[in-house]
Amino acid sequence: MLLLHGLASQRRFWNLVVPHLAGLPVCALDQRGHGDSDKPDEGYDLPTVARDAATALDALGWSRAVVVGHSWGAAVACTLAAEHPERVLAVVAIDGGLGSPLETGKDREALRERFAPPRLAEPPDRLRAVLGSGKDWWSDAVADAVLPIFEVHDDGLARAKLTFERHMMTFDGLLDYDAASVLPRIAAPFWAVTAQVEDRLERAMDLLPRPRGIRLRNAVHDVPLQWPALVAGAVRAAADEAAAAEGRA
C-alpha cells in the first residue's frame, strides 16, 4: 500500500488509518516539497510528482502497489496509474482525483487567490487549539497526525514546512490536471471515496474502465482523520480485489 497525502500535508496524515491496515505492507510517503522530503524549486507538476512515487516504489523494491491518495494526492495516484500502469494494482482516491478546481468555471487567478494558504506563524503551544477550532472530530491523535506539517523557526514560531511558493506551484499542477484525459487511461480498479459534489463522482464513474464509488454524507474533506476505519476498509477492499485478481492470473 503506497499512501499519498494531500497538498500541504505529510506522511503522518495517515497515522489513524495505518493501524487498521495491520498485516499489509504499507509506505506513507512525504511527497516532493512536503514533510521531510527534498524541497526543489521545480517539478511540482503532476507527471513529475507521479514519477517520484514510481521512484519510491523502486526504492522499496515493490514492483506494484495499491496506490491510495487523498485530495491532491489522489490526482497524483491517478496520474501514476495512467502513466505507469504496470506499477499500480488499484487506485483508492479519497476525496480527490475526479477533477480540477478549474471545472467550477472560476478564473484561474481567482482560484489561486482563494486557495492560497494562510501564512500561519504561531507559538507551538497554540497550534493545537488553532488547528482544532470548530472541529468536533478533533482529538490529540488527530493533532499528532497534523502537527508535523509545521516546524519551529529561530524566532520560536511554527510555520509550514511547505513554503508558500512551493505550495502555489503544487496547486498550479493541480489546476492543470485534466481528469477527462487521465481517468479513461486507468486500467486498474478505481475506488473513489468522496465527499465532493455528486455530479463529479457520476461523471468520473462514466470515464473509468473499472469504477467503484462510495459517496459519503456529512464527511469532511479530511475524511482519513475523521473516519479512518472507513477509509481503511476501502483500502482493504481494493487490496482484496487486487489479491484475488493476482490469484486468477
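Please refer to the structure placed before this passage.
Residues numbered from 1 in each chain as written. Predicted model: local features only at pLDDT ≥ 70, side-chain atom pairs only at ≥ 80, totals over all residues. Heavy atoms only, no water.

Asker: Just checking my understanding: could you explain the environment of Asp136 for this structure?
Answerer: Within the secondary structure layout, Asp136 lies in the loop between helix H4 (124–132) and helix H5 (140–146). A relative accessible area of 78% means that Asp136 is categorised as exposed. (Helix = DSSP H or I, 4+ residues; strand = E, 2+ residues; numbered from the N terminus. Buried < 20%, exposed > 50% of the residue type's maximum accessible area, 1.4 Å probe, protein only.)

Asker: How do you make sense of the pattern of salt bridges when you look at a structure like this?
Answerer: When the charged atoms of two side chains with opposite charge come close together, those side chains can pair. For the coordinates displayed, the defined rule picks out 17 salt bridges. With its nearest N and O atoms 3.7 Å apart, the salt bridge here joins Arg108 to Asp172. Here Arg108 is found in helix H3 (residues 108–114), whereas its partner Asp172 is found in helix H6 (residues 164–175), with 64 residues between them in sequence. Classification of Arg108 by relative accessible area gives partly exposed; the value is 27%. A relative accessible area of 19% places Asp172 in the buried class. (Salt bridge = Lys/Arg side-chain N within 4 Å of Asp/Glu carboxyl O.)

Asker: I would appreciate a short explanation of the side chain of Thr79 in the present structure.
Answerer: With respect to the secondary-structure elements, Thr79 resides in helix H2 (residues 72–83). At 2.8 Å, the side chain of Thr79 and the backbone oxygen of Ala75 are in polar contact. For Thr79, the residues in contact, after removing those within four places along its chain, are Leu46, Pro47, Ala50, His84, Tyr177 and Val182. (Polar contact = N/O pair within 3.5 Å; in protein donor to acceptor, adjacent residues only side chain to side chain. Contact = heavy atoms within 4.5 Å.)

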